[in-house]
Amino acid sequence: MQAIDTASETETRPVLVADGLSLAVRGASGLTPIVEDISFAIARGECFALIGESGSGKTMIARAIMQLLPKSLLEIKGRLIFQGRDIASADAATMRSLRGRQIGMIFQEPMSSLNPLMMIGRQIDEAMQVHGVLDRRQRRDRVRQLLADVRFDAPDEIRQKYPHELSGGMRQRIMIAMAIANEPALLIADEPTTALDVSIQAEVMEILSRLRRKYHLSVLFISHDLSLVYQHADRIGVLYSGVLMETGPAQALIHHPRHPYPAALISCAPRRRTAGQRLKGIEGMVPSLAAPLPGCRFAPRCSRASDDCRAGRIAATHNADGTMVRCLHPLS
Amino acid sequence: MQWFDLKLWLGALCLGAVVFLAVFGNLLTSHRPDEQNLMVSLEPPNLLSDYPLGTDQLGRDILARMVSGARVSLAIAASVVVLSGGFGLLLGALSGYFGGVRDTIIQKVVETMWAFPPILLAITILAFFGQSLGNVILALSIQRWIPYCRIARAQALTLRGKDFVSASRIMGGRTVWIMSHHIVPNLIASAIVVGTFSMATAILAEASLSFLGIGVPPDIATYGGMLADGRSYVTEAWWLAVIPGLGIFFTVLGLNLIGDALRDQYDPKSHLNIG
Amino acid sequence: MLVVLLLVCLTIFTMLRLVPGDAAELLVPEDATPEDVARLREQWGLGQPIFVQFLHFVVNAVRLDFGVSYRFRDDVTHLIGQRIGATLELAAVALLIAIVVGLVFGIWAALRKGTLVDGILSVLSIAGVSAPHFWIGIMLVLLFSANLNLLPSGGRLPYGIDIPHVTGLLIPDALLSGRPDLAWIALQYVVLPATTLAFGMIGIIARITRSSMIDAGQEEFVFTAVAKGLSVPAVVFRHLLPNALIPIVTIIGLELGGLISGSIIVEVVFSWPGIGTLLFQAVSVRDIPLTIGIVVVYTSLFILLNVLVDLLYMAIDPRLRTKGAL
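These numbers come from a predicted model, not from an experiment.

(A) Structural detail: the nonpolar core. By size, the foremost hydrophobic cluster in this structure holds 255 residues, and its most contacted members are A:Ala177, A:Ile188, A:Leu220, A:Phe221, C:Ala94, C:Ile205 and C:Ile294. Ranked by the residues each element gives to this core, the list is headed by helix α9 (residues 180-217) of chain C, at 18 residues. The residues contacting C:Ile294, other than those within four sequence positions of it, are C:Ile80, C:Ile275, C:Leu278, C:Leu279 and C:Ala282.

Have a look at this one:
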């Protein structure tokens, strides 16, 4: 257990650092690699969006941070440094004290993420009770306050309801309330709006942004939707086939992507301006990390690929402005 | 798959042993089940002797009585399954296919019969109408047709809406033809699963009735009867209770294992259906 | 439910009328006087149209008047009333054993899925339902009474011991009267029969608990609970188990019939003074009034228990409450 940092150290030190993180799943046929050599950092109060298509391994990263899967199933290599401590190798007791307290998490399926038999108020209360921070009356007040934070007008009414009496959007807001109940340093949001209607999506994103500012929350936002994170993320990391291809400040990355893959993604995004234009796509499909591919994993679908792209592992280029690109022929 | 094979083979082995006993019993022993010989009463089992499974208090050969017991239980159980199965499947199919008032009435009958705890009706029938082989089969069948009725009705209901059945009707297909060509074939797997478990419970029920003395007429040797007889001597002669019990156990175990294996394979959702 | 009860009475009534012989003769002891017979004819409406007779039957049943048992020379209702406590206590203890042991093994097997424990449970539960109750009872008596001399082999209490009657259930009565020592004695007598009765059900409950826990474990809210920082026992008992209970309750409801019919056999094996033994005695001498009375009581009990199970569902699962009538 490390000593408690001074206030200034807490402010400047990144909340989460992934350093050479590699994940593999242990199954009947042995070890299947999911992601390889992932490195990123999330500063305090920063929203870092991890973008990838399905199959890129992004959900597994979230589960690895929280150690939601047993070590017998999910093998973690590399370092995951949370508030200065390496939690990749942490034991169960340490993880339990971190979960729900220092690290909160919200999931993709609000319809099934809440216990159908328990009242809402009780479920939120449990998030605090488990870590023994407040007494019963304080918790009750805090539940009311959290419900107001996530924009419920009648907190006392909602407290007594059961999950099946609420809509998907409402349930997701409850999830957010539960996740931030103990004012964690980091919130992991695993595709929180994917299962919601577009109109509710905006509302949830707005709530997340506001809470982020209020509680100085760092957010790891996992999504497949670049346009969604455009407005809310500070920095973006683009994941392809288990490898991090580019990271950088959100606005810069979207307007001037350096790696061909995010560039292609962005150009494919439907825009309002030109009517009658055909929807573009990227030919081919995302290969899983398990499929053997020497060299750059995007090469088969890349218009800029050359022979040395296919030769061997592409190293990451770290630039002075804090961005990273893993490409031999980046766009300027 | 591995479990399925194991269960299936184990079950077949257990059941097979009992069937073997029933069919070839005459080759295994020369004694008759009711042959008394007080000179050799309460002999312990001795595989090399003339009485491999021992004798009871009246000197009757346990092995011969086990053969009789095997025959009775298998014959009765098989009859019950065929009778209740045939009746239940037919009634269920008709009920589901025709729907309407007929369906409601039949369903009310089902509900009523289902409201009686299992063996109670059997006991009542045998008490009111006397003990005989026929009455035993009737008594055991009187509730057992219900699970068949349910699956047949469910199948008929799903098919009723299907296009090819409507097409058959439009083309003038008769009810019986539609039943036998469309409804029944889809039922076979579930019916076999139900039948296997039903046979197992029928054997247990028959044994219980015989134990209580209200089953098959007492002059026929049955597993249950043997247990009832031998109960008072069990402290001196453990085989009088253990061996007939094992007979029932292996028969039922075999059927349950086979049924379980078949259900896992062909009908995994039906966990809650088996009565 | 009432309709079903009515139809049940109709079924029993029909069977009764189908029995060859004069109904009056059947319902009355051999040494009855002509006045008794006349009174009976009036009470049961014999000689009047069938429909009226059925009406009499139902009315009598509702008033719990089934006539007089000729074997015991006593009012049927009174006889049943004396002994029903014993049956209820036996069934309750058996159910308790089955639920507790079944849940424990089921949860254990679910947590140790795929290991040896899981496999053993699977085998034992199939074996448990394959053995007839009366055999298990005899075997247990052989082991615990005859050989080990640990437990009594029959009856509900030793001769000469009496427990003051409060509810008719011995163990609570003894405790309520401040005699825990008597409760202990009564417990020793009920253990073997209750275990015999519970035998198969333990396996069934364990199996459904196991599969239900595994199914519930795949649900997303389990991840949510873990993400909150709950310990494994808290996740299992506060989140998994309550959600797994619904299929378990369903199965228990389905097994209640077996519990009742099994209790008849077990009572006979252990000379347990309940209505099961009474039924056995009645049937042995073709005591029709007593038989009918017991059958009606058993069936009503069964129906009532099923209603209780339905109510239990509503208590467990809030989703069923808002939907209204079940």
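(B) Structural view of the interface of chain B and chain C. Across the boundary between the two partners, chain B contributes 37 residues, which contact 37 residues of chain C. Considered class by class, the residues forming the side of chain B that touches chain C number 26 nonpolar, seven polar and four charged.

(C) Structural detail: the interface of chain A and chain C. Contacts between the two partners involve 23 residues from chain A and, on the opposite side, 17 residues from chain C. Those elements giving two or more residues to the side of chain A that touches chain C turn out to be α3 (92-98) and α4 (120-129) of chain A. Of the residues assigned to the side of chain A that touches chain C, the class counts are eleven nonpolar, seven polar and five charged.

(D) Molecular detail of the confidence of the model for chain A. When pLDDT is averaged along chain A, the result is 85, and 93% of the positions lie at 70 or above. When the criterion is pLDDT under 50, residues 1-5 of chain A qualifies, and its contacts beyond four places in sequence or with other chains add up to five contacts.

(E) Region of interest: the sheet that holds strand β1 (residues 16-27) of chain A. Residue and element names in this part refer to chain A. Strand order in the open sheet formed by four strands is β2-β1-β4-β5, and the pairing between neighbours is antiparallel. The strands lining the two open edges of the sheet, one partner per strand, are β2 (30-42) and β5 (85-86). Across eight bridges, the pairing between β1 and strand β4 (residues 74-82) is antiparallel. Each residue of the ladder has a partner; that of valine 25, found in β4, is leucine 74.

(F) The confidence of the model for chain B, seen in detail. All names here are of chain B. Here chain B averages 85 in pLDDT, while 88% of its residues score no lower than 70. Under a pLDDT of 50 for its full length, residues 271-275 has, in the predicted model, ten contacts with residues more than four places off or in other chains. Interface confidence in the predicted complex, given as ipTM, is 0.85; pTM for the same model is 0.81.

(G) Looking closely at the packing of helix α4 (residues 118-129) of chain B against helix α11 (residues 232-269) of chain C. In contact at an axis separation of 6 Å, α4(B) and α11(C) are set at 45 degrees when each is read in the N-to-C sense. Taken together, the axis directions place α4(B) and α11(C) in an arrangement best described as oblique. Every residue of α11(C) that contacts α4(B) at B:Pro118, B:Ile119 and B:Leu120 is listed here: C:Gly257, C:Gly258, C:Ser261 and C:Ile264. Its residues placed into classes, the contact of α4(B) with α11(C) shows four nonpolar, three polar and no charged.

Cut-offs and rules
- Numbering of residues starts from 1 in every chain and runs along the sequence as written.
- Each chain gets a letter, beginning with A, and each ligand a number, beginning with 1, in the order they are written.
- With pLDDT at 70 or above as the cut-off, local features in this predicted model cover only qualifying residues; side-chain atom pairs require 80 or more to be listed or tallied, and sums for whole chains, interfaces and linings still use all residues.
- Residues of type Ala, Val, Leu, Ile, Met, Phe, Trp, Tyr and Cys that are buried and joined through C-beta atoms within 7 Å form what is called a nonpolar core.
- Note on burial: count the other C-beta atoms lying within 10 Å of the residue's C-beta; 20 or more is buried, 12 or fewer is exposed, in between is partly exposed, and C-beta positions come from the backbone.
- By definition, any uninterrupted DSSP run of H or I lasting at least four residues is a helix, any uninterrupted run of E lasting at least two residues is a strand, and each is numbered from the N terminus.
- Think of it this way: build a C-beta for each residue from its backbone, and any pair within 7 Å is a contact.
- In this classification, the charged set is Asp, Glu, Lys and Arg, the nonpolar set is Ala, Val, Leu, Ile, Met, Phe, Trp, Tyr, Cys and Pro, and all remaining amino acids, among them Gly, are polar.
- The quantity known as pLDDT measures the predictor's confidence residue by residue, on a range of 0 to 100.
- Being paired, for any two strands, means DSSP has found at least two bridges between them.
- Angles here are taken between N-to-C directions and fall from 0 to 180 degrees, while the axes themselves are lines fitted to C-alpha atoms, restricted in helices to the stretch in contact.
- In what follows, roughly perpendicular refers to angles from 65 to 115 degrees, roughly parallel to angles under 35, roughly antiparallel to angles over 145, and oblique to any angle outside these ranges.

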